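Next come the chains, spelled out residue by residue.
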Amino acid sequence: MSNHGVCLAAMEGFGQVYDCGSCGNIHVRVGPVSITLEPTAYMQLVAMISTSAANFELWLQRKAGAPDRAPGESNYDESNYNGKGIL
Ligand SMILES: [Zn+2]
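First, a word on what this report is: a plain description of the structure on this page. (Residues numbered from 1 in each chain as written. Predicted model: local features only at pLDDT ≥ 70, side-chain atom pairs only at ≥ 80, totals over all residues.)

## Here's the deal with the overall build of the protein
Then comes step 1: Across its full length, the protein carries 1 helix and 4 strands.
Then comes step 2: Reading the protein from its N terminus to its C terminus gives the helix and strand order β-β-β-β-α.
Then comes step 3: In the protein, once contacts between residues fewer than 6 apart in sequence are set aside, the share between residues at least 24 apart is 2%. (Helix = DSSP H or I, 4+ residues; strand = E, 2+ residues; numbered from the N terminus. Contact = placed C-beta atoms within 7 Å.)

## A word on the environment of Glu38
Then comes step 1: Looking at where Glu38 falls in the secondary structure, it is placed in the loop between strand 4 (33–37) and helix 1 (39–65).
Then comes step 2: Given 12 C-beta atoms within a 10 Å radius, Glu38 is considered exposed.
Then comes step 3: A C-alpha to C-alpha distance of 7.3 Å links Glu38 and Gly24, two positions 14 residues apart in sequence. (Buried ≥ 20, exposed ≤ 12 C-beta atoms within 10 Å, placed from the backbone.)

## Quick word on the pairing of strand 1 (residues 6–11)
Then comes step 1: In terms of burial, strand 1 is a largely surface element, 0 of the 6 residues being buried.
Then comes step 2: Where strand 1 and strand 2 (residues 15–19) come together, 5 bridges link them in antiparallel fashion. Bridging from a neighbouring strand, Ala10 pairs with Gln16 of strand 2.
Then comes step 3: Taking the residues between adjacent antiparallel strands as the criterion, strand 1 and strand 2 are bridged by 3 residues, where Gly13 takes a positive phi near 80 degrees. (Pairing = 2+ DSSP bridges.)

## Notes on the sheet that holds strand 4
Then comes step 1: Strand order in the open sheet made by the 4 strands is 1-2-3-4, with antiparallel pairing throughout. Edge positions in the sheet fall to strand 1 and strand 4, since each of these pairs with one other strand and no more. Each adjacent strand pair in this sheet contributes to an overall mean axis angle of 10 degrees, direction not counted. (Axes fitted to C-alpha atoms, helices over the stretch in contact; angles between N-to-C directions.)

## Considering helix 1
Then comes step 1: Taking 1.5 Å as the rise per residue, helix 1 with 27 residues should run 39 Å; its terminal C-alpha atoms sit 39 Å apart, in good agreement.
Then comes step 2: Of all 27 residues that make up helix 1, 0 are buried, and the element is exposed over most of its length. (Expected span 1.5 Å × (residues − 1).)

## Digging into the pairing of strand 4
Then comes step 1: In the sheet, strand 3 (residues 26–30) pairs with strand 4 via 5 bridges, with the strands oriented antiparallel. Its bridge partner lying in strand 4, Val30 is registered against Val33.
Then comes step 2: Linkage of strand 3 to strand 4, two consecutive antiparallel strands, is achieved through a turn of 2 residues, within which Gly31 is found at a positive phi near 55 degrees.

## Observations regarding the environment of Pro32
Then comes step 1: With respect to the helices and strands, the residue Pro32 is situated in the loop between strand 3 and strand 4.
Then comes step 2: Judged by C-beta crowding, with 6 C-beta atoms within 10 Å, Pro32 ranks as exposed.
Then comes step 3: Through-space distance from the C-alpha of Pro32 to that of Gly15 is 8.7 Å; in sequence the pair is 17 residues apart.

Here you go:
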């Protein structure tokens, strides 16, 4: 019944997330890299990436809004930050 795979998402030139329809796992391909995850692990990856995206946005906003803030003012560990920013 489920011999056909299904594409869950695809971005041309970047990657794809799909179910091949035979092994029961979810395949995540980004460029030349491909990883295969059990459905539960895939959902954990989604949750982790989603959390990291939200935190990344907050981090960028903090950098843009308070570039000269004194160390120790936030919970963020800046000990490895070179002070030059990303943008
Ligand atoms: Zn598969």
